[in-house]
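# Chains, contacts and geometry: an overview
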Amino acid sequence: MIPSVAVLPGSFDPPTNGHIDIIRRASSLFEKLYVVIGVNKSKKHLFQPEEICGMLRETLEDKKNVEVSVWDGLIVDFAKKHNAGVILRGVRPLADFSYEFELAETNMKICPEIEVVFLPASSEYFFTRSSSIREMISFGVDISALVPPAVVRAVKMQKNCQLR
Ligand code: ADP
C-alpha cells in the first residue's frame, strides 16, 4: 500500500518559521499529516508540550489535513496506532545529518515497515533552530521575524508572568 499518512515528530520548543515551512510543505505530500510533540523528560523546556500544541494548532488552523498532538511514548508506536507509513523529518545542511541518520536507523530497526523520509529545509531557514531562539528569548532579543505570531504572544505572556 502507498503511504498516505505521515508523522512529523519533534520537540518544537518553540515552533519556528522553519518548522512551519516544513509542515506546510509536507502537508501537500500526504493525505494526512500528524505533527507530534514528543515529551522528553530529560530536556529542559521553555514551553510545556500542551502550550506548544496550542501554538501549532493556532498557526496551522488553515491546514485541515494537519493534526497536532502530544505523545509521550515511542514515535513508531504513535505511527502504528494512526496507520502512518512514513516518519518525516526536516533536515538542515550539515549539522542535522549524523543525528538524523542515527535516529532514522533506530526507528527503522524498531519498526522496519515504517519508512523514514527526509525533506530538505528551505534555504531561508537553514540556520533557524529552536535552541538559538531559546537563547535569544533569554536575552530579550526580538524574535518576531523567526517564529509565528502565536509564539511571540506566548513569550510576551511568559515574561509578564515572570515580572508579576
Ligand atoms: P530543533 O529543536 O532542532 O528545532 P525539533 O525536534 O523541534 O528540532 O524539530 C522537529 C523537526 O523539524 C525535525 O525534523 C527537525 O529536523 C525539523 N526542523 C527543525 N528546524 C528546522 C528548520 N529550520 N527547517 C527545516 N526543518 C527543521
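A few points on the structure. Treat the numbers as computed from the prediction; the structure is a model and nothing was measured.

### Re the overall build of the protein chain
The helix and strand tally for the protein chain stands at 6 helices and 5 strands. When the helices and strands of the protein chain are placed in sequence order, the string is β-α-β-α-β-α-β-α-β-α-α. Taking 164 residues into account, the globule formula puts the C-alpha radius of gyration at 15 Å, and the protein chain, at 16 Å, falls close to it. With respect to the three principal axes, the spread of C-alpha positions in the protein chain is 55 × 30 × 30 Å. Once local pairs closer than 6 in sequence are excluded, the contacts in the protein chain between residues at least 24 apart make up 77%.

### Structural notes on the pairing of strand 3 (residues 66-71)
Summarising the sheet, strand 2 (residues 32-38) and strand 3 pair through 6 bridges and their orientation is parallel. When the bridges of strand 3 are listed, Val35 appears paired with Val68. With helix 2 (residues 49-59) bridging strand 2 and its parallel neighbour strand 3, the resulting β-α-β unit is right-handed.

### Overview of the site of the ligand
Residues in contact with the ligand amount to 16 residues; listed here are only the nearest, Phe12, Gly90, Arg92, Tyr125 and Thr128. In this structure, Gly90 approaches the ligand through a main-chain N or O atom, which is 2.3 Å from an oxygen atom. Between the ligand and Arg92 there is a distance of 2.9 Å, counted from an oxygen atom to a side-chain nitrogen or oxygen. Burial of the ligand by the protein chains amounts to 91% of its free accessible area of 530 Å². Secondary-structure elements contributing two or more residues to the shell around the ligand are strand 1 (5-10), helix 1 (17-27) and strand 4 (86-91).

### Observations regarding the side chain of Asp96
Among the secondary structure elements, Asp96 is positioned in the loop between strand 4 and helix 4 (97-110). According to the relative accessible area criterion, Asp96 is buried, its value standing at 6%. One polar contact links the side chain of Asp96 to the main-chain amide nitrogen of Arg92, over a distance of 2.7 Å. Not counting the four nearest positions on each side in its chain, Asp96 is found in contact with Gly90, Val91 and Arg129.

### Details of the side chain of Asp13
Following the sequence through the fold, Asp13 ends up in the loop between strand 1 and helix 1. Here Asp13 is buried and forms no salt bridge, its nearest opposite-charge partner Arg134 lying at an N-O distance of 4.2 Å. Within the structure, Asp13 has its side chain in polar contact with the backbone nitrogen of Phe47 (distance 2.9 Å). Leaving out residues up to four positions away in the same chain, Asp13 has contacts with Lys44, His45, Leu46, Phe47, Ile52, Ser130 and Arg134.

### Structural notes on helix 5 (residues 130-138)
Along helix 5, the positions that sit buried rather than exposed are Ser130, Ile133 and Ile137. Mapping the buried residues of helix 5 onto a view down its axis gives an arc of 60°, with all of them on the same face. Just downstream of helix 5 lies Gly140, where phi reads positive at about 75°.

Calculation notes
- Think of each chain on its own: its residues are numbered from 1, step by step along the sequence as written.
- Per-residue local features of the predicted model are confined to residues with pLDDT of at least 70, and side-chain atom pairs are confined, for both listing and counting, to 80 or more; whole-chain, interface and lining totals are unaffected and use all residues.
- Hydrogens and water are ignored here; the side-chain numbers use all heavy atoms of the structure.
- Helix numbers and strand numbers start at the N terminus; a helix is a DSSP run of H or I with at least 4 residues, a strand a run of E with at least 2.
- Note that the radius of gyration is over C-alpha atoms, with the globule rule given as 2.2 Å times the number of residues to the power 0.38.
- Note on contacts: a residue pair is in contact if any heavy atoms of the two residues lie within 4.5 Å.
- Being paired, for any two strands, means DSSP has found at least two bridges between them.
- Every crossover in which the path from the first strand over the helix to the second runs clockwise, viewed with the strands pointing away from the viewer, is termed right-handed.
- In this text, near means that some heavy atom of the residue lies within 4 Å of the molecule or strand in question.
- Side-chain atoms alone can form a polar contact between residues adjacent in sequence; in general such a contact is a pair of N or O atoms within 3.5 Å, and within protein one must be able to donate a hydrogen while the other accepts it.
- Shrake-Rupley sampling with a 1.4 Å probe provides the accessible areas, and residues are treated as covered by the protein chains on show and by no other component.
- Here's how the labels work: a residue is buried when its accessible area is under 20% of the maximum for its type, exposed when over 50%, partly exposed in between, all with a 1.4 Å probe on protein chains only.
- All tallies of charge rest on Lys and Arg as positive and Asp and Glu as negative; His and the ends of each chain are not included.
- The term salt bridge refers to a pairing of a side-chain nitrogen on Lys or Arg with a carboxyl oxygen on Asp or Glu at a separation within 4 Å.
- Summarising the geometry, the arc corresponds to the directions from the helix axis toward the C-beta atoms.

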